[in-house]
Amino acid sequence: MNSRQVGYVLIALIALGIAVAVFKLVSAGTADSSLSGLLPIAPDVVDQVVLKSKDSEVSLKRVGESADVWRVGQLNIDQARFQEFWNTVKKFDGAQLVAQNSASHLRMGVDAENGTEVQFLLGNSVQERFIVGIGSQTVALCYLRREDRDNVYAVPCRFSDLFASDPDSWRDPTIVTMPLEVLGSFTLRYPRQTPEEVMSVSISESAPFFHLQTDGGPIQANTQATAAILGAVQTLRATGFASEAESARLNFDIPDASLLLEPKKGLNAATQRIVFLERDEESYWVRNTSSATVYIVGRQVVETILLHTADLLVPDEGG
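Cut-offs and rules
- Residues numbered from 1 in each chain as written.
- Predicted model: local features only at pLDDT ≥ 70, side-chain atom pairs only at ≥ 80, totals over all residues.
- Heavy atoms only, no water.
- Buried < 20%, exposed > 50% of the residue type's maximum accessible area, 1.4 Å probe, protein only.
- Helix = DSSP H or I, 4+ residues; strand = E, 2+ residues; numbered from the N terminus.
- Pairing = 2+ DSSP bridges.
- Lys, Arg positive; Asp, Glu negative; His and termini not counted.
- Salt bridge = Lys/Arg side-chain N within 4 Å of Asp/Glu carboxyl O.
- Polar contact = N/O pair within 3.5 Å; in protein donor to acceptor, adjacent residues only side chain to side chain.
- Contact = heavy atoms within 4.5 Å.
- Core = buried A, V, L, I, M, F, W, Y, C linked by side-chain atoms within 4.5 Å.

A.B. asks: What's the story with the pairing of strand β11 (residues 183-190) in this structure? I'm lost.
C.D. replies: Every regular strand shows the same layout, with side chains that alternate between the two sheet faces. Burial within β11 is extensive, with seven of its eight residues counted as buried. As paired elements, β11 and strand β17 (residues 257-263) share six bridges and run antiparallel to each other. Residue pairing in the sheet places Leu 188 in a bridge with Leu 259 of β17. As judged from the six bridges shared by β11 and strand β12 (residues 194-203), these two strands associate in the antiparallel manner. Within β12, the residue paired with Arg 189 across the bridge is Val 198.

Here it is in structure tokens:
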């Protein structure tokens, strides 16, 4: 082989080396365009999720072996919110790269001041840790980055507060659930204002379905008014919770109003008693007596339920 041929071989080898290097760089760049290589962080794998911000912290813990039973402290978790949380977390593996420098962190809400640290733990070991943020209330994306990295990734995110660190955001807001097919009757009382006024409405199979029990026997009840009550109590949900200090000072022994919900005879369902105390011009304190939790419910919802005898009677068309 002469010197010219040797030169050609060297040039070919150099070109091949450059091509391999470029290929590796391109491949690495492609891999970095999405988040990968995460440890398992599914609800049936990890047993605790901790969310921390500068203002608050919450710990969500799995109870036993089931992936479906989690608690916020000793309280039930909001299952609808929790399911949406895991639907979003599932997209972390494969999240798309959207920024590569720290200058973008503030804008995307993943800086140390504004972001929420989300830890996924198995026992005492941290499986994964991310800083999660929301860049804009109008963009349906959540942003995430590893704590010690500049790269920011994005996943579709339906709710801007999905990664909230406020414990109350994760508590189950359901006060009572009594489906129409289960409810046999309800009774309204006003112990403080008009203790003698007791309205018991039974739900029958015959039209018009509702009857108001009075001393003179059952009479027809206002279908529209009673239907509004039934619609509210099929699933009554809170907008907030009383603090421990507030709960301790509230006395529900003689409430402003009470609602007794009784199931139809023969059904394996518990009677529920809901009590109400006026909180302010906008809301009420509400408690299901089967639990110590005190909820906050908007006045508009409560006043749909707290009707009086005149409201439940069929209007006199002649009057």
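A.B. asks: Can you walk me through the side chain of Glu 197 in this structure?
C.D. replies: By secondary structure assignment, the location of Glu 197 is in strand β12. Arg 189 provides the closest opposite charge to the buried, unpaired Glu 197, separated from it by 11 Å. At 2.9 Å, the side chain of Glu 197 and the side chain of His 308 are in polar contact. In terms of polar contacts, Glu 197 uses its side chain to reach the backbone amide nitrogen of Thr 309, at 3.0 Å. Those residues in contact with Glu 197 that lie beyond four places of it in its chain are Leu 188, Arg 189, Tyr 190, His 308 and Thr 309.

A.B. asks: Any chance you could explain the nonpolar core here in plain terms?
C.D. replies: Soluble globular proteins tend to bury their nonpolar side chains together. If you look at the biggest cluster of nonpolar residues, it comprises 35 residues, and the most contacted ones within it are Phe 186, Leu 259, Phe 276 and Leu 306. Counting residues per element, this core draws most heavily on helix α3 (residues 223-233), which supplies five residues. In contact with Phe 276, not counting residues within four places along its chain, are Phe 252, Pro 255, Asp 256, Ala 257, Ser 258, Leu 259, Tyr 284, Trp 285, Val 286, Val 302 and Leu 306. In this structure, Ile 77, Phe 92, Phe 130 and Leu 162 belong to the second largest nonpolar core, which totals 29 residues.

The values are spatial; any link to function lies outside them.
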